[in-house]
Amino acid sequence: MPEPLRLGDHCTKIGSGATPRGGKDSYLESGPYRLIRSQNIYNSGFSNGGLVCISEEQASTLSNVEVLPEDILLNITGDSVARTCQVDSAVLPARVNQHVAIVRPNPDEIDPRFLRFFLISPGMQSLMLTYAGAGATRNALTKSMIENFEVPRFPIEVQRGIGRTLGALEDKIDCNRRMNETLEAMARAMFKDWFVDFGPTKAKMEGRPPYLAPEIWDLFPDRLDDEGKPEGWRMTTLGSLTSKIGSGATPRGGKGVYVSEGTNFIRSQNVYDFYFKWDGLVQLSDEDSAQLRNVAVKPDDVLINITGDSILRTCVVDPGVLPARVNQHVCIVRAVKGIPARFLHLWLAQQSAKHWLLGNDAGGSRKAVTKGHLESLPIIQPSTETLEKFSELSSHFYNKAIANTMESRILAQTRDLLLPKLMSGEIRVKGAERAVEDVL
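Note that the coordinates shown come from a computational prediction; the quantities given were computed from them, not determined experimentally.

## Observations regarding the nonpolar core
Line of reasoning, step 1. Core analysis: the largest hydrophobic core is formed by 42 residues, its most contacted members being Leu238, Phe343, Leu344, Leu348 and Leu374.
Line of reasoning, step 2. Mapped onto this core, the elements with two or more residues apiece are helix H5 (156-196), strand S18 (302-305), strand S21 (330-335), helix H9 (341-349), helix H10 (351-357), strand S22 (378-381) and helix H12 (384-424).
Line of reasoning, step 3. The residues contacting leucine 374, other than those within four sequence positions of it, are Leu238, Gly239, Ile245, Ile304, Ile306, Cys331, Leu348, Leu357 and Val369.

Printed below as a string of structure tokens:
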């Protein structure tokens, strides 16, 4: 192999940002500029989860860390150090905080997409974690460390071919992700119309024509009761519709007990609203997982985070992750027979349910949610026939989404198999292209 390139000699920028004065209190729900933080950076791609906005005035103080299209973003501190992705151009204009570095290669010398794949390759991830762990107090990558990274010296056309080939896999993964978001939105719209807005019942009361198939339309009452809900439906509590509400624990030894193969161990970073995130999933040995057998996750279990910054994020467990256990920050909510898990999940995912659980309705602001809080959450209980029809119809959306997720995992495994071989020169771009064609 020819002598590698020193990264710092072929970049027009390597630098991190800062947090605007005021810290979290300065963040905006909407605004002209996005502030990208470490929680938005994953090796699998850019995540919009927790993305915040800042004002034009705040952005002007960070003008030296303006993010440009195709920039590489690299986490340089903390537990997520070394995670790398390319910015999603849809979030621009944007700035980065002090935990994220912008790496901007000269595109005539290093292809940005190739560089991103190089940085997430197993060898570079291991090297960066070793460098970061050498600090006295916390994991950190310095600017000089990044500048001295050695990049394989491939001709620019070969770099672009590698980026294009691996990128084709990621494009399909991204397509599946967007399709799943649409499927989820369709299921949520149906849930909201039926069980929150009481759309069919109100339409009947107002004499509007049916907008559902006759056999579904007939399931809904034609009037609201004195409490404002469809006649015959009742308000109850989450505890009465579940057979289990309980969180797990971390075996003694903390992160030191994680192993490379074993039972999956779900943590709060795996639970997002409406989807399960595989990044960061760790494993326990048979011995440690046996200690947590009382929090073994089962198919269709609803997972909800009960502490920390991600409190009340919730999803239904991905069947591909089983067998699994949960730690103390994640609670299992298991429906009784006859109650669809998706119904419970979508109820918990509503902002109104989250406000109630956090105590906002009573003027409080809890930092943690207990089993008792969850058990006492008010929830509507429609007729059995209506729930059965909701389960039947929504399963069309969710089964397709599960199939998409399984396909994406196979595509990701193919990418991860090809990546180190391409970077080492073990296989050429043409050979990789044929392997990609086989799975697309």
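## A short note on the packing of aromatic side chains
Line of reasoning, step 1. Taken as a whole and assessed by the stated rule, the structure comprises 19 aromatic pairs.
Line of reasoning, step 2. The structure contains a cluster of three or more aromatic residues connected by ring pairs, namely Phe191, Trp194, Phe195, Phe198, Phe220, Trp233, Phe343, Trp347 and Phe390.
Line of reasoning, step 3. Just above the ring of phenylalanine 274 sits the side chain of arginine 188; from NZ or CZ to the centre is 3.8 Å.
Line of reasoning, step 4. Its guanidinium or amino end placed over the ring of tyrosine 272, arginine 313 lies 3.8 Å from that ring's centre, counting from NZ or CZ.

## Considering the sheet that holds strand S10 (residues 100-105)
Line of reasoning, step 1. Spatially, the four strands line up as an open sheet ordered S2-S10-S7-S8, and their pairing is antiparallel. Among the strands making up the open sheet, the edge pair consists of strand S2 (11-16) and strand S8 (84-86). Recorded for the sheet is a direction-independent mean angle of 20° between the axes of neighbouring strands.
Line of reasoning, step 2. As paired elements, strand S7 (residues 72-75) and S8 share three bridges and run antiparallel to each other.

## Looking at the layout of surface pockets
Line of reasoning, step 1. Taken as a whole, the second largest pocket encloses approximately 350 Å³ of empty space.
Line of reasoning, step 2. Asp300, Val316, Pro340, Ala341 and Arg342 are the residues nearest the centre of the second largest pocket, which is lined by 19 residues in total.
Line of reasoning, step 3. When contributions to the lining of the second largest pocket are tallied by element, the ones reaching two or more residues are S21, H9 and H12.
Line of reasoning, step 4. Counting residues per element, the lining of the second largest pocket draws most heavily on H12, which supplies six residues.
Line of reasoning, step 5. Tallied by class, residues from the lining of the second largest pocket come to 11 nonpolar, four polar and four charged.

## Some words on the environment of glutamate 3
Line of reasoning, step 1. Tracing the backbone shows glutamate 3 in the segment before strand S1 (5-6).
Line of reasoning, step 2. It is 9.0 Å that separates the C-alpha atoms of glutamate 3 and glutamate 150, two residues lying 147 residues apart in sequence.

## Some thoughts on the side chain of glutamine 159
Line of reasoning, step 1. Relative to the elements of secondary structure, glutamine 159 occurs in helix H5.
Line of reasoning, step 2. Of note is the side chain of glutamine 159, whose polar atom sits 2.8 Å from the backbone nitrogen of aspartate 111.
Line of reasoning, step 3. Residues in contact with glutamine 159, not counting those within four places in the same chain, are Glu109, Ile110, Asp111, Phe114 and Phe154.

## Comments concerning the sheet that holds strand S20 (residues 324-326)
Line of reasoning, step 1. One open sheet holds the three strands; their spatial order is S17-S14-S20, and the pairing between them is mixed. Two strands in the sheet have a free side with no partner beyond their single neighbour: strand S17 (282-284) and S20. Across this sheet, the average inter-strand angle for adjacent strands is 40°, counted without regard to direction.
Line of reasoning, step 2. Bridge count for strand S14 (residues 263-266) against S17 is three bridges, and the pairing is antiparallel. Bridge pairing in S17 places asparagine 264 opposite glutamine 283.

## Thoughts on the packing of helix H2 (residues 112-120) against H12
Line of reasoning, step 1. Where H2 meets H12, the axes come as close as 10 Å, and the angle between the chain directions of the two elements is 100°. With respect to each other, H2 and H12 are oriented roughly perpendicular. On H12, the residues touching Phe114, Phe117, Phe118 and Ile120 of H2 are Arg415, Leu419 and Met423.
Line of reasoning, step 2. Counted by class, the contact of H2 with H12 contains six nonpolar, no polar and one charged residues.

Criteria and cut-off values
Residues numbered from 1 in each chain as written. Predicted model: local features only at pLDDT ≥ 70, side-chain atom pairs only at ≥ 80, totals over all residues. Heavy atoms only, no water. Core = buried A, V, L, I, M, F, W, Y, C linked by side-chain atoms within 4.5 Å. Buried < 20%, exposed > 50% of the residue type's maximum accessible area, 1.4 Å probe, protein only. Helix = DSSP H or I, 4+ residues; strand = E, 2+ residues; numbered from the N terminus. Contact = heavy atoms within 4.5 Å. Phe/Tyr/Trp six-rings, centres within 6.5 Å; stacked < 30°, edge-to-face > 60°. Lys NZ or Arg CZ within 6 Å of the ring centre and 35° of its normal. Pairing = 2+ DSSP bridges. Axes fitted to C-alpha atoms, helices over the stretch in contact; angles between N-to-C directions. 1 Å grid on protein atoms, 1.4 Å probe; cavity = no way out; pocket = protein on both sides within 12 Å on 5 of 7 lines; lining within 4 Å. Points joined across faces, edges and corners; volume = space filled by probe spheres on them. Nonpolar A, V, L, I, M, F, W, Y, C, P; charged D, E, K, R; others polar. Polar contact = N/O pair within 3.5 Å; in protein donor to acceptor, adjacent residues only side chain to side chain. Parallel < 35°, antiparallel > 145°, perpendicular 65-115°, else oblique.

Shape is all these values report; function is a separate question.
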